[in-house]
Amino acid sequence: MIVVLKQGVAGGEVDAFTVELERRGVKIHLSRGASQTVLGLVGDTTGIDQEGLLAHHLVEKVLRVQEPYKRANRMFRPEDTRIDVEGPDGVLRSIGAGCAAIIAGPCSVENRDQIVAVARAVKEAGAGFLRGGAFKPRTSPYSFQGLGCEGLDLLLEARKETGLPVVTELMAIHQLEVFDGVDVIQIGARNMQNFTLLRELGRCRKPILLKRGLASTITELLMAAEYIMAGGNDRIILCERGIRTFDSYTRNTLDISAVPALKRQTHLPVIVDPSHATGLAWMVPSMAKAAMAAGADGLIIEVHNNPEKALCDGEQSVTPEDFSSLMGSLRRYAEFEGKTLS
Ligand code: PEP
Ligand code: MN
């Protein structure tokens, strides 16, 4: 159940009302927006009479929520959430609420020259964030598994060199110990329903880029976000990265309709990964533009300075030159959608 309070209700009154409701056996999630305060009632609400609540002098309206997610629900927070990240260069970059961001870089960090060269190139082209995997979730245990801590150190060197904030994947909670310098933690498709991990991330204060599972529904993705939010971390960026279908022409099937669907259901920002969705570098520009036109709040794109020699996902990695020309179009798409690009 969601209770929308009247405009201009004082903090003290909200606190007293919250205590009153909690006495009736529910937990309260509070959302204080620019113009409205909303209370999410979690737990057994059967003892709470909707009509009775409506009669309360602080209450504007009461909504019964059908969806199993509350904190991620747009009903709970009508305004778009914006995730702000300050890079080592002191520049504030934002995702959501009219701000879009392009995250670019290689699938994996391979060596110092590679990550620094790609980082410089994507920065020059106008990317707002650098991506690069140090801990890689590979289907085969015999494939390159990433450089681990050494890769993370190299990524942080590229961060320092370029001033770009970095996004990298966390596979297990103990890795948090070495993620201090990381700006945005990525949770990959294969870990989207690792509930123990999600719960722990609720305690973390860093933004989380949460990728949709290979065969997960929109609701399951939102429930995964809800796990993190229930623990107290509201800084989540959702990512559509393609889902499994019967067709094998592309690596996955990019579900573009997930963008408007998610944006209708949630206030959280939604970005798209056209690289893992298609598996084909030549298809990345058209899908990137389609995603922006569908209202995405940004993109995560794999870029490699020598895709043919890449240790991971070379086939879907665009060159820095192709990325640079794509950025020109993306700026126009963002502008058309009324978004500021960072
Ligand atoms: C990645 O972004 O490096 C990655 C492995 O993506 P996904 O989890 O979407 O497969
Ligand atoms: Mn990859």
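Parameters at a glance
Every chain's residues receive numbers from 1 upward, in the order its sequence appears when written. Whichever chain is written first is A, and whichever ligand is written first is 1; the rest continue in order. Side-chain atom pairs in this predicted model are given and counted only at pLDDT of 80 or more, local residue features only at pLDDT of at least 70, and totals for whole chains, interfaces and linings cover all residues. Calculated side-chain values reflect all of the structure's heavy atoms, with hydrogen atoms and water omitted. Helix and strand definitions here come from DSSP, where helices need a minimum of 4 consecutive H or I residues and strands a minimum of 2 consecutive E residues; each element is numbered from the N-terminal end. Throughout this description, a polar contact denotes any pair of N or O atoms lying within 3.5 Å of each other; where both atoms belong to protein, one of them has to be capable of donating a hydrogen while the other can accept it, and for residues adjacent in sequence the pair is counted only when both atoms sit in side chains. Residue contacts are counted whenever heavy atoms from the two residues lie within 4.5 Å of one another. Here the coordinating atoms are restricted to nitrogen, oxygen and sulfur within 2.8 Å of the metal centre, or 3.2 Å for Na, K and Ca, and because water is not among them the sites may look incomplete. Three exposure classes are used, based on accessible area relative to the maximum for each residue type with a 1.4 Å probe and protein chains only: buried under 20%, partly exposed in between, and exposed over 50%. Nearness is judged by heavy atoms alone; a residue qualifies as near a molecule or strand once a single heavy atom is within 4 Å of it. Polar here means any residue outside two lists: the nonpolar Ala, Val, Leu, Ile, Met, Phe, Trp, Tyr, Cys and Pro, and the charged Asp, Glu, Lys and Arg; Gly therefore counts as polar. Each domain span listed reflects an automatic or database assignment of domains. A pair of strands is considered paired only if DSSP assigns at least 2 bridges between the two. Orient the strands so they point away from the viewer, and a crossover whose first-strand-to-second-strand path over the helix runs clockwise is right-handed.

**As for the side chain of E302**
- Here E302 is to be found in strand 14 (residues 298-302).
- Here Q316 takes part through its side chain, which lies 2.7 Å from a polar atom of the side chain of E302.
- Excluding residues within four positions of it along the chain, E302 makes contact with G105, C107, R131, S275, H276, D313, Q316, S317 and V318.

**Some points on the coordination of the manganese ion (ligand 2)**
- Only C107 (SG), H276 (NE2), E302 (OE) and D313 (OD) from the protein coordinate the manganese ion (ligand 2), and they sit 2.0 to 2.4 Å from it.
- In the primary sequence, the donor residues of the manganese ion (ligand 2) line up as C-x168-H-x25-E-x10-D. In this pair, H276 is assigned in helix 8 (residues 274-278) and D313 in the loop between strand 14 and helix 10 (320-336), connecting sequence segments 37 residues apart. As far as burial versus exposure is concerned, H276 and D313 are alike and both buried.

**Considerations on the environment of P78**
- Tracing the chain through its elements places P78 in the loop between strand 4 (59-63) and strand 5 (83-86).
- For P78, a relative accessible area of 42% gives the class partly exposed.
- Distance from P78 to I187, taken between C-alpha atoms, is 25 Å for residues 109 residues apart in sequence.

**Topic: the site of ligand 1**
- The environment of ligand 1 is made up of R131, K136, E169, Q186, G188, A189, R190, K211, R241 and H276.
- Note that an oxygen atom of ligand 1 is positioned 2.9 Å from one of the side-chain N or O atoms of K211.
- Residue R241 places a side-chain N or O atom 2.6 Å away from an oxygen atom belonging to ligand 1.
- Of the residues that constitute the shell around ligand 1, the class distribution is one nonpolar, three polar and six charged.

**A few points about the domain arrangement of the chain**
- According to the domain assignment, the chain contains domain 1 (2-63) and domain 2 (83-341).
- Distance from the C-alpha centre of domain 1 to the C-alpha centre of domain 2: 36 Å.

**Regarding the pairing of strand 9 (residues 166-169)**
- Of the two faces of strand 9, the one holding V166 and T168 and the one holding V167 and E169 are both buried throughout.
- Inspection of the sheet shows strand 8 (residues 129-131) paired to strand 9 by two bridges, in the parallel sense. Looking at strand 9, one finds that R131 is bridged to V167.
- With helix 4 (residues 149-162) bridging strand 8 and the parallel strand 9, this β-α-β connection has right-handed handedness.
- Alignment of strand 9 against strand 10 (residues 184-187), held across three bridges, turns out to be parallel.

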